Amino acid sequence: MINHELEATVRLFISYARVDYFQVSQIVEILRRSGHEPWFDHALLPGQDWQAELLRAIEACEAFVYALSPESLASQWCQWEFQQAVLLGRPIVPVKLQTNIHPPEAISRFQIADFSDGPTPAAVAGLVGGIYQAKVVPASAAPHAPANPNGAPAQVASGTPAPTSHANPQDLVQQFYQARGANQWAVALSLLRQIQGGKKVPRGFRLDVYVQEAEQMVVIEQDYKGILAQADYEDPAYMWDILTDFWAEYATSYDPAGLNVRFNPTLPLLRIISDPTIPPPERAEAGRRLSELGDPRHGVGVKDGLPEIDWVEIPDDGEWIYQDSKHSPLSTYYISRYPITYAQFQTFIDDPAGFTNPDWWQGLAIPDGHHQQSGEQAFKYWNHPRERMSWFDAIAFCRWWSAKLIAKGRYPTPDWTNPLTWPVRLPTEQEWEKAARGTDGRVYPWGDEYISGYANIDEKNTGVGPYYLEQTTAVGLYPQGQSPYGVMDMYGNVWEWCLNEYGEPDKLDILNTNSRVLRGGSWSHYGNLNACAAVRNLASPSSRLSYGGCRVVCVRPPSP
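These figures come from a predicted structure and were not determined experimentally. (Residues numbered from 1 in each chain as written. Predicted model: local features only at pLDDT ≥ 70, side-chain atom pairs only at ≥ 80, totals over all residues. Heavy atoms only, no water.)

**Quick look at the state of the cysteines**
A full pass over the atoms with the stated rule returns zero disulfides. Considering cysteine sulfurs only, Cys 550 is the nearest to Cys 498, which forms no disulfide, with 9.9 Å between them. (Disulfide = S-S within 2.5 Å.)

**What about the confidence of the model for the protein chain?**
Predicted confidence across the protein chain gives a mean pLDDT of 85, with 89% of residues reaching 70 or more. In this model residues 135-165 is a low-confidence stretch, pLDDT under 50, and it forms 74 contacts with partners more than four residues away in sequence or in other chains. (pLDDT = per-residue confidence, 0-100. Contact = heavy atoms within 4.5 Å.)

**Concerning the sheet that holds strand 3 (residues 63-68)**
Whenever strands of a sheet pair, they do so through backbone hydrogen bonds, lying parallel or antiparallel. Reading across from one edge, 2-1-3-4-5 is the order of the five strands in this open sheet, with parallel pairing throughout. Single-partner strands in this sheet number two, and they are strand 2 (37-39) and strand 5 (113-114). As paired elements, strand 3 and strand 4 (residues 92-96) share five bridges and run parallel to each other. For Ala 67, the partnering residue across the bridge sits in strand 4 and is Val 95. Contacts from helix 1 (residues 21-33) reach strand 1 (11-15), strand 2, strand 3 and strand 4 within the one sheet, and its direction differs from that of strand 1 by about 175°. Where helix 4 (residues 76-87) meets the sheet, it contacts strand 1, strand 3 and strand 4, and its direction lies at approximately 155° from that of strand 3. (Pairing = 2+ DSSP bridges. Helix = DSSP H or I, 4+ residues; strand = E, 2+ residues; numbered from the N terminus. Axes fitted to C-alpha atoms, helices over the stretch in contact; angles between N-to-C directions.)

**Quick look at the sheet that holds strand 8 (residues 311-314)**
In space, the three strands of this open sheet follow the order 8-11-16, with antiparallel pairing throughout. The outermost strands of the open sheet, each flanked by one partner alone, are strand 8 and strand 16 (553-554). Across four bridges, the pairing between strand 8 and strand 11 (residues 333-336) is antiparallel. If you follow Ile 314 over to strand 11, its bridge partner there is Tyr 333. Relative to the sheet, helix 16 (residues 429-437) contacts strand 8, strand 11 and strand 16, its axis offset from that of strand 11 by approximately 75°.

**Description of the nonpolar core**
If you look at the biggest cluster of nonpolar residues, it comprises 54 residues, and the most contacted ones within it are Tyr 66, Phe 82, Leu 192, Phe 205 and Phe 246. The set of elements that each furnish at least two residues to this core consists of helix 2 (50-60), strand 3, helix 4, helix 7 (169-181), helix 8 (185-196), helix 9 (207-230), helix 10 (236-250) and helix 11 (259-263). If you tally residues by element for this core, the top one is helix 9, at nine residues. Residue contacts for Leu 192: discarding those within four places in its chain leaves Phe 176, Phe 205, Leu 207, Tyr 210, Val 211 and Ala 214. Counting residues in hydrophobic clusters, the runner-up holds 47 residues, among them Trp 361, Trp 446, Leu 545 and Cys 550. (Core = buried A, V, L, I, M, F, W, Y, C linked by side-chain atoms within 4.5 Å. Buried < 20%, exposed > 50% of the residue type's maximum accessible area, 1.4 Å probe, protein only.)

**Describing the side chain of Arg 516**
Structurally, Arg 516 is set in strand 13 (residues 516-519). No salt bridge is formed by the buried Arg 516; the nearest opposite charge belongs to Glu 501, separated by 4.2 Å. Only 3.1 Å separates the side chain of Arg 516 from the backbone oxygen of Asn 514, close enough to count as a polar contact. (Lys, Arg positive; Asp, Glu negative; His and termini not counted. Salt bridge = Lys/Arg side-chain N within 4 Å of Asp/Glu carboxyl O. Polar contact = N/O pair within 3.5 Å; in protein donor to acceptor, adjacent residues only side chain to side chain.)

**Re a negative patch on the surface**
A cluster of acidic side chains, namely Asp 223, Glu 234, Asp 235, Asp 241, Asp 245 and Glu 249, defines a negative patch on the protein surface. A total of three residues in the negative patch trace back to one element, the largest contributor, which is helix 10. With respect to the helices, strands and loops of the structure, Asp 241 is situated in helix 10. Judged by its relative accessible area of 44%, Asp 241 falls in the partly exposed class. (Patch = residues over 30% accessible without salt bridge, like charges linked within 9 Å, V, L, I, M, F, W, Y side chains within 5 Å. Areas by Shrake-Rupley, 256 points an atom, 1.4 Å probe, with all protein chains shown as cover. Charge placed at Lys NZ, Arg CZ, Asp CG, Glu CD.)

Structure, rendered in structure tokens:
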């Protein structure tokens, strides 16, 4: 009879020779009926890396069951599996399949469950009880593989040799590097243990460092396997919480089974917002939902306390059309793919030395109290453009951000009265327009004709289309409306501040109150009249408008 006091599930590895398959399969079935989880290599599939799978299974087991027969004792593979179990400190439970066997001392010192007369009640009780009573063999007592091996693991046709403790240390090191490069961490750790147990560690080999790394990765693998085991049974939202906690705990993106693709709730939303065949209202709703979950797109959020920008190169590609005339070439520069988002500007506000620090406002002709309180975002979604941002706010933001980059030693200290010397700044009108129109003077970023659904504007007012969303949208929601260089939202969403004075465009003086230029149209402006790429708009530099924001440029992108 089975001892029902010992019903707790135990993960088992079954080591056996091919000729003993029938007897072993009976034992496996008994163990399964007892509530345990036996693993034996009959489960291996064609194309699998069987050696790695064997090691992973031994690493995962809580007890190692060795089915003893003359063939298994003579098998190099069974000896190797036994050695790995000993090196990993797994309890050993030998099972005797025949009467005419004489196990070596390293095995015979364990109490052996006797199945030589078949699965009698006494044999079954001894085996199940032994699973709980087995003692861990010290690693130092691990036996060597036999010198005259024969046989092979069941169901395995490959002739690849198993590593043994007799291997040349340099060969083990080479095998380790191969396993490490293939992310086969159980294999790598096993090889490191063999190097560690040898007489000599190769000169210059960072054994302690690699052991620590491999041990950590084996733990990560095992935790991940536990998560993977739940994948078919748990609620997707719960699984995503478990996964994100796992990645945060180990500071890793380890995901060999692709659970991110399976459970990440942002991926369906990303597919929706990037699909121009889906109507804008549905994409806008997906963008708002993405804001709540955390928009993962590069260039939309924050990294290390600073805006994370997706910089787009605008090359020096010769003469180009500015307004209605040819313009001399512009040197290569970089512009942000998206307008500055609510999340990105918030880093400036949240920094104790940020928005209210008078250093960033020095010399600016701001109204009283302007730097004491920012404008309140009208549409509070983290991946939407930051609006209600005055031109003065944008200048102070760029000064603060530039100072952060300078403090990291990436740029020389600039002339703070001359924004052209700052690491990050507002674009000039010329830079903005070239990034929007390219070199051929097109009317819109995509061409010369307005196309409905290509931008977040009020289409209804002038009858150019059926859409008017009445608010900003997540940046990058109109991929079909991008510029020739791949810059997004240069038409609609929010008007964007430029450095230039409106009345005298050649002037970039930041110390006066003259009206400044806005470019690109917005969600609240109508039709195709006020949003074509060449249209200039103006506002007081202190204006905080629900349809006004900015993007930034630099000559050389900040290094990571």
